[in-house]
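Coordinate analysis (summary)
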Amino acid sequence: MSDALEALAAAVRKGDAQAVEALLDADPTLVNARRPDGSSFVLFAVYSGHAGLVDTFREHGRSLDLFEATAVGDALAVRAFLASDPAAAKAVSPDGFPVLGLAVFFGHTALAELFLAAGADPGAPATNALKVTPLHAATSRGDAPMVKRLLEMGANPNARQQSGWTSLHNAASQGSVEIVRLLRANHADVSARTDDGK
């Protein structure tokens, strides 16, 4: 990455709105810059826990794409994307996350329902090394109603993410009794082991 991109990445990672604004003022092209994995700095801000920085990018002319709108929970924008292209419900971000997975991971239940209604695959794994599915995301959040919904829609309770972890491993490690019961009731493999034998 160039010095400017590295500085922007560092500022976003810290949640330093003043530094981000100064960098965007100095070089307006940075507002649409991409990270090495293809994702935007807007998504990176949300991933880093600094969603408030999204407004700074917007104020500098950034129009949110489908993945960014999903991550921040912008329902109007997401509905517009789906209206213009229903296949957007099956889209995968440049860094490998299906839009349904993003909606679930960030707790945007209404958007997740929109994507499911539009034909999103409830079991679609990330195409990156993490291999997380929406069910893994819901389990990690401790979101029992979403776990139940995804299972009802046909999500595989035994899908494996990075290191061979299943949703049952996640739920058990977090002590999420309700989710463990849901997964077991839907044929989760209680003898499944992670890649390191746990």
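Residues numbered from 1 in each chain as written. Predicted model: local features only at pLDDT ≥ 70, side-chain atom pairs only at ≥ 80, totals over all residues. Heavy atoms only, no water.

Right, let's get into the packing of aromatic side chains. Scanning the model with the defined rule gives 4 aromatic pairs in all. With centroids separated by 6.4 Å and ring planes inclined at 80 degrees, the aromatic side chains of Phe41 and Phe44 adopt a geometry described as edge-to-face. Of this pair, Phe41 and Phe44 both sit in helix 3 (residues 41–47), 3 residues apart, roughly one helical turn. By the burial criterion, Phe41 is buried, and Phe44 matches it. Ring centres 6.2 Å apart and planes at 75 degrees place the aromatic pair Tyr47 and Phe97 in the edge-to-face group. Of this pair, Tyr47 sits in helix 3 while Phe97 sits in the loop between helix 6 (75–84) and helix 7 (99–105), placing them 50 residues apart in sequence. Look at Tyr47 and you get partly exposed, because its relative accessible area is 32%. Looking at Phe97, the relative accessible area reads 16%, which means it is buried. Put simply, the rings of Tyr47, Phe97, Phe105 and Phe106 touch in pairs and so form one group of aromatic residues. Looking at Arg35, its charged tip hangs above the ring of Phe44, at a distance of 3.8 Å from the centre. (Phe/Tyr/Trp six-rings, centres within 6.5 Å; stacked < 30°, edge-to-face > 60°. Helix = DSSP H or I, 4+ residues; strand = E, 2+ residues; numbered from the N terminus. Buried < 20%, exposed > 50% of the residue type's maximum accessible area, 1.4 Å probe, protein only. Lys NZ or Arg CZ within 6 Å of the ring centre and 35° of its normal.)

Before going further, it helps to spend a moment on helix 10 (residues 144–152). Taken together, the buried positions of helix 10 are Ala144, Met146, Val147, Leu150 and Leu151. Mapping the buried residues of helix 10 onto a view down its axis gives an arc of 160 degrees, with all of them on the same face. Of the exposed residues in helix 10, the ones pointing more than 90 degrees away from its buried face are Pro145 and Glu152. Looking at the buried positions of helix 10, the neighbouring elements they touch are helix 7, helix 8 (109–117), helix 9 (134–141) and helix 12 (177–185). (Arc of directions from axis to C-beta. Contact = heavy atoms within 4.5 Å.)

Turning our eyes to something else, we now look at the pattern of salt bridges. Counted by the stated rule, this structure contains 8 salt bridges. In this structure, Lys198 engages Asp196 in a salt bridge whose closest nitrogen and oxygen atoms are separated by 4.0 Å. Each member of the pair, Lys198 together with Asp196, is exposed. When salt bridges that share partners are traced, they join Arg34, Arg62, Asp65 and Glu68 into one network. (Salt bridge = Lys/Arg side-chain N within 4 Å of Asp/Glu carboxyl O.)

Right, let's talk about a negative patch on the surface for a bit. A cluster of acidic residues, Glu21, Asp25, Asp55 and Glu59, forms a negative patch on the protein surface. Tracing the backbone through its elements, the reader meets Glu21 in helix 2 (residues 17–26). (Patch = residues over 30% accessible without salt bridge, like charges linked within 9 Å, V, L, I, M, F, W, Y side chains within 5 Å. Areas by Shrake-Rupley, 256 points an atom, 1.4 Å probe, with all protein chains shown as cover. Lys, Arg positive; Asp, Glu negative; His and termini not counted. Charge placed at Lys NZ, Arg CZ, Asp CG, Glu CD.)

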